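Residue-level structure breakdown
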Amino acid sequence: MAHLAIAGGTALRQAPFPAWPIWDQSDVQALQRVLQSGHWDALKGEEVSHFETEFAAYQGAAHGVAVTNGTVALKLALIAAGVGPVDEVIVPGYTFIATATAALELGAIPIFADVDPQTYTLDPDSVAACITSRTRAIMPVHLGGCPADMDGLLALARRHGLAVVEDAAQAWGASWNGCRVGTLGQCGIVSFHASKNLTAGEGGMVLCNDPDVASLVRSLSNCGRQPDGLWYAHYLLGGNYRLSEFQGAVLRSQLQRYPGQFARRQANAAYLTEALAAIDGVTPLSADPRVTANAYHMYFLKYDNERFGGIGKLRFIAAMRAEGITDLHAGYSLPAYRQPVMLAKNFGLAKPPFLNGSHAAVPDYGAVACPVTEYACDHEALWLRQNVLLGERRDMDDVVAAMDKIQRHLDEVP
Ligand SMILES: Cc1ncc(COP(=O)(O)O)c(C=O)c1O
């Protein structure tokens, strides 16, 4: 009789982890408030502008400009940081594709640096090796809610006169040395996509301390308008990247419960980290003491294949899911530089509008090698989704118990 669920035994756990997103009557009322007001866009209503003020204050930024999503926010933040065609922007290999394509869409060239094996965030030594006379900006990603080494990256940026644009898409409330991320550099961005810890289905925000940067981003996101200009007067090349009032209202409502959820994720993550000491072969990423708060969009684990009899990370995940740990994932299966789009001629487009004659400056991304990133993608990184950390302590115990069960019955894994 098999023990492991993947081999036909009984699953350790039947109950699902907490569902995501979370909503209640306060979200319904927020939506009704907008519906009944008749002010459905942010130019007439006040929900988005209140949310901008509330979230920027929460994140410790002087200004916040809400936009349609994190990808657009990255693009506008790069423009505001002065990035343009043929400029090089250093990004981590281990990230979501938007970190790189936001630069490409401006005709700028993403240059991939490797990540630190202890944190999976941008490694300052690898960044230093990528700096050339064409480098314009560094774009750290606070991956999974864990701040990158901002001391090291900001020092490099200062030495070489570079802008720092923080991709804090996954890091609402995360802090480095006691300062919330997003404005440690020139500016930063967050995402409010449905998977994110703070969400309205879609949405994003550019955060900054400089009022001129904020005005520029606002104009870029509002068809190039100016606050005192006529409705049909457009002063710079922008687009319509405005958030709707419905999204603004839901985000305000979600923000009310965010600090409580944040604290719960932190407490459960601390408990899980201790409990995982019992498992030889699955280790949480190390905590840099300068990371004073991790937002835990993901709880990252490092899987050691040898300690699991060489079954491989994908079969380990399949075995865990069969035991009922359904929210465990393999994460990015490819480094960003190995994504088909990065290897395709003209980035998959017949006539890429954004290259502006910069083709010659585009490196052969097929030749890029970031060993830590590649090892994380292929063999090591496991992601436990944020909703798991909203559960009870016994849910964390189940995660550890499932690993233990699999390790005790490795011979049953098909
Ligand atoms: C690291 C990172 N950067 C940028 C983005 C883009 O955000 P959005 O999906 O809101 O466009 C995401 C979203 O998944 C992300 O995880």
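Look up a bit, the structure's there.
To start, this report covers the structure provided alongside it. (Residues numbered from 1 in each chain as written. Predicted model: local features only at pLDDT ≥ 70, side-chain atom pairs only at ≥ 80, totals over all residues.)

**Section: the overall build of the protein chain**
Basically, it comes down to this: Strands are runs of DSSP state E lasting at least 2 residues, helices are runs of H or I lasting at least 4, and numbering of each runs from the N terminus. C-alpha atoms define the radius of gyration, and 2.2 Å times the number of residues to the power 0.38 defines the globule rule. Counting other C-beta atoms within 10 Å of its own, a residue is labelled buried from 20 upward, exposed at 12 or fewer, and partly exposed in the gap between, with every C-beta atom placed from the backbone. Contacts here follow a simple rule: the backbone-placed C-beta atoms of the two residues must lie within 7 Å.
What the protein chain contains, in helices and strands, is twelve helices and 14 strands. The C-alpha radius of gyration computed for the protein chain amounts to 22 Å, which stays within 12% of the reference 22 Å derived for 414 residues, consistent with globular compactness. Seen through its C-alpha atoms, the protein chain measures out along the principal axes to roughly 75 × 55 × 40 Å. Per-residue burial over the protein chain gives 50% buried out of 414 residues. Partitioning the intrachain contacts of the protein chain with sequence separation of at least 6 by distance along the chain shows that 70% fall at a separation of at least 24.

**Regarding the sheet that holds strand β7 (residues 179-180)**
What counts, and what does not: Strands are treated as partners if at least two bridges between them are detected by DSSP.
The strand order across the open sheet built from three strands is β7-β6-β11, with neighbouring strands paired in antiparallel fashion. On the outer flanks of this sheet lie β7 and β11 (291-293), each paired with one strand and no other. In this sheet, β11 lies alongside strand β6 (residues 175-176) in antiparallel orientation, the contact comprising two bridges. Note that in β11 the partner of Ser175 across the bridge is Ala293.

**Concerning the site of the ligand**
Rules: Each residue gets a C-beta atom placed from its backbone. Should that atom fall within 6 Å of a molecule or strand, the residue is termed near it. In the scheme used here, Gly and all other residues not listed as nonpolar or charged are polar, with Ala, Val, Leu, Ile, Met, Phe, Trp, Tyr, Cys and Pro taken as nonpolar and Asp, Glu, Lys and Arg as charged.
Lining the immediate surroundings of the ligand are 15 residues, of which Asn69, Gly70, Thr71, Ala169 and Ser191 lie closest. Among the elements of the structure, α3 (70-80) and α4 (98-104) are those that each provide at least two residues to the shell around the ligand. Here the element with the most residues in the shell around the ligand is α3; it accounts for three residues. Of the residues that constitute the shell around the ligand, the class distribution is five nonpolar, nine polar and one charged.

**Here we look at the sheet that holds strand β14 (residues 381-385)**
Spatial strand order, β10-β12-β14-β13: four strands in an open sheet with antiparallel pairing. Edge positions in the sheet fall to β10 (282-284) and β13 (328-329), since each of these pairs with one other strand and no more.

**Section: helix α2 (residues 47-59)**
Applied cut-off: A helix is expected to reach a length of 1.5 Å times the quantity of its residues less one. An arc is given here, and it is the one of the directions from the helix axis to the C-beta atoms.
Compared with the 18 Å implied by 1.5 Å per residue over 13 residues, the 18 Å span of α2 between its first and last C-alpha is a close match. Those residues of α2 lying buried are Glu47, Val48, Phe51, Glu52, Phe55, Ala56 and Gln59. One side of α2 holds all its buried residues, which, seen down the axis, span an arc of 150°. Exposed residues on α2 whose side chains face more than 90 degrees from its buried face are Thr53 and Ala57. Positioned one or two residues after α2, Gly60 has a phi angle of 75°, which is positive.

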